[in-house]
Amino acid sequence: MVKMKNRFGSVLVLAALVLTVCGCASYGYVRSQMVYGNRITVQNLVKDWQDYTVYFTGHGRGHPSAVLFKPKGDDRVIIADRWWKVETYEILADLVDSIQRQLPIAYYYPRLLELLGPDNHRYGYVFTSWDHVVAKLVDDHTMVVYDLPLPPYLAIDGGDGPRERRPR
């Protein structure tokens, strides 16, 4: 009976270890541009927007939660279901301005994140007030980036208070 319990415990620990390693290995991750000191800014991305395929997500154009910049010259693929493609500079500038005007709530504030895959390969950039982005690797060259349906000021406090938007 004791041997059986030890064997079962060993198998359970091994299964948990395998699931942890396999499960975590298939997700992309982000890192903050401010922390790692890269020279790219959201202003640079907006200025050179035609070098990127640009998408946004959120509660429509009036309440964006994130803007995604994917380099056009890269052979990597980003699948951005539930994201809308940005077709004009004016729309992009308005989306970025809207995110920049979102007042900080706790640790949610506008920031530029690098979207990274295996071996720290950059898939693109995400400008958002959230502190995370959920991205799953399909294979070595394909990443699915899930939407962020609401900006933090709507998701956390409903957008009723003065935190909703800074006056223009």
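Now for a description of the structure that goes with this document. Values in this document were obtained by computation on a predicted structure and should not be read as measured data. (Residues numbered from 1 in each chain as written. Predicted model: local features only at pLDDT ≥ 70, side-chain atom pairs only at ≥ 80, totals over all residues. Heavy atoms only, no water.)

1. With respect to the overall build of the protein
When helices and strands are counted, the protein shows 5 helices and 9 strands. Ordered by position from N to C terminus, the α and β elements of the protein give α-β-α-α-β-β-β-β-α-β-β-β-β-α. Burial statistics for the protein: of 168 residues in total, 39% are counted as buried. Considering only contacts within the protein whose residues lie at least 6 apart along the sequence, 61% involve residues at least 24 apart. As displayed, the protein offers around 10000 Å² of accessible surface, 57% of which is attributable to carbon and sulfur atoms. (Helix = DSSP H or I, 4+ residues; strand = E, 2+ residues; numbered from the N terminus. Buried < 20%, exposed > 50% of the residue type's maximum accessible area, 1.4 Å probe, protein only. Contact = heavy atoms within 4.5 Å. Areas by Shrake-Rupley, 256 points an atom, 1.4 Å probe, with all protein chains shown as cover.)

2. Overview of the packing of aromatic side chains
Scanning the entire structure with this criterion turns up 4 aromatic pairs. Plain terms: the ring middles of Tyr 52 and Phe 69 are 6.0 Å apart, the flat faces sit at 85° to each other, and that makes the pair edge-to-face. Here the residue Tyr 52 occupies a position in strand E2 (residues 52-58), and Phe 69 occupies one in strand E3 (residues 64-71), the gap between them amounting to 17 residues. Residues Tyr 52 and Phe 69 agree in their burial class; the two are buried. Ring geometry for Tyr 107 versus Tyr 108: centroids 4.8 Å apart, planes at 45°, classification tilted. (Phe/Tyr/Trp six-rings, centres within 6.5 Å; stacked < 30°, edge-to-face > 60°.)

3. Here's the deal with the pattern of salt bridges
The tally for this structure, following the rule as stated, stands at 3 salt bridges. Where Arg 76 meets Asp 75, a salt bridge forms, and the shortest distance between an N and an O atom there is 3.8 Å. The exposed category is assigned to Asp 75, whose relative accessible area is 51%. (Salt bridge = Lys/Arg side-chain N within 4 Å of Asp/Glu carboxyl O.)

4. A few points about the side chain of Lys 70
Inspection of the secondary structure puts Lys 70 in strand E3. Of the side chains with opposite charge, Asp 74 lies nearest to the buried Lys 70, which makes no salt bridge, at 4.9 Å. From its side chain, Lys 70 meets the backbone oxygen of Asp 74 in a polar contact 3.3 Å long. Looking at Lys 70, its side chain comes within polar contact range of the main-chain oxygen of Arg 76, at 2.9 Å. Ignoring anything within four residues of it in the chain, the contact list for Lys 70 reads Asp 51, Tyr 52, Thr 53, Arg 76, Val 77, Ile 78, Tyr 123 and Gly 124. (Lys, Arg positive; Asp, Glu negative; His and termini not counted. Polar contact = N/O pair within 3.5 Å; in protein donor to acceptor, adjacent residues only side chain to side chain.)

5. Considering the nonpolar core
One finds Leu 68, Ile 78, Trp 83, Leu 115, Met 143 and Val 145 to be the most contacted residues of the largest nonpolar core, which totals 18 residues. The set of elements that each furnish at least two residues to this core consists of E3, strand E6 (111-116), strand E7 (122-128), strand E8 (135-139) and strand E9 (142-145). Sequence-distant contacts of Val 145, defined by excluding residues within four places in its chain, comprise Ile 78, Ile 79, Ala 80, Asp 81, Trp 83, Leu 115, Val 133, Val 134 and Ala 135. In this structure, Tyr 52, Val 96, Ile 99 and Phe 127 belong to the second largest nonpolar core, which totals 17 residues. (Core = buried A, V, L, I, M, F, W, Y, C linked by side-chain atoms within 4.5 Å.)

6. A short note on unusual backbone geometry
It is generally the case that most residues other than glycine have a negative phi and that most peptide bonds are trans. Of note, Arg 82 is a non-glycine position whose phi angle comes to about 65°, a positive value. Along the polypeptide, Arg 82 turns up in the loop between strand E4 (77-79) and strand E5 (84-85). Phi at Asp 119 is positive, roughly 55°, even though this residue is not glycine. Here Asp 119 lies in the loop between E6 and E7.

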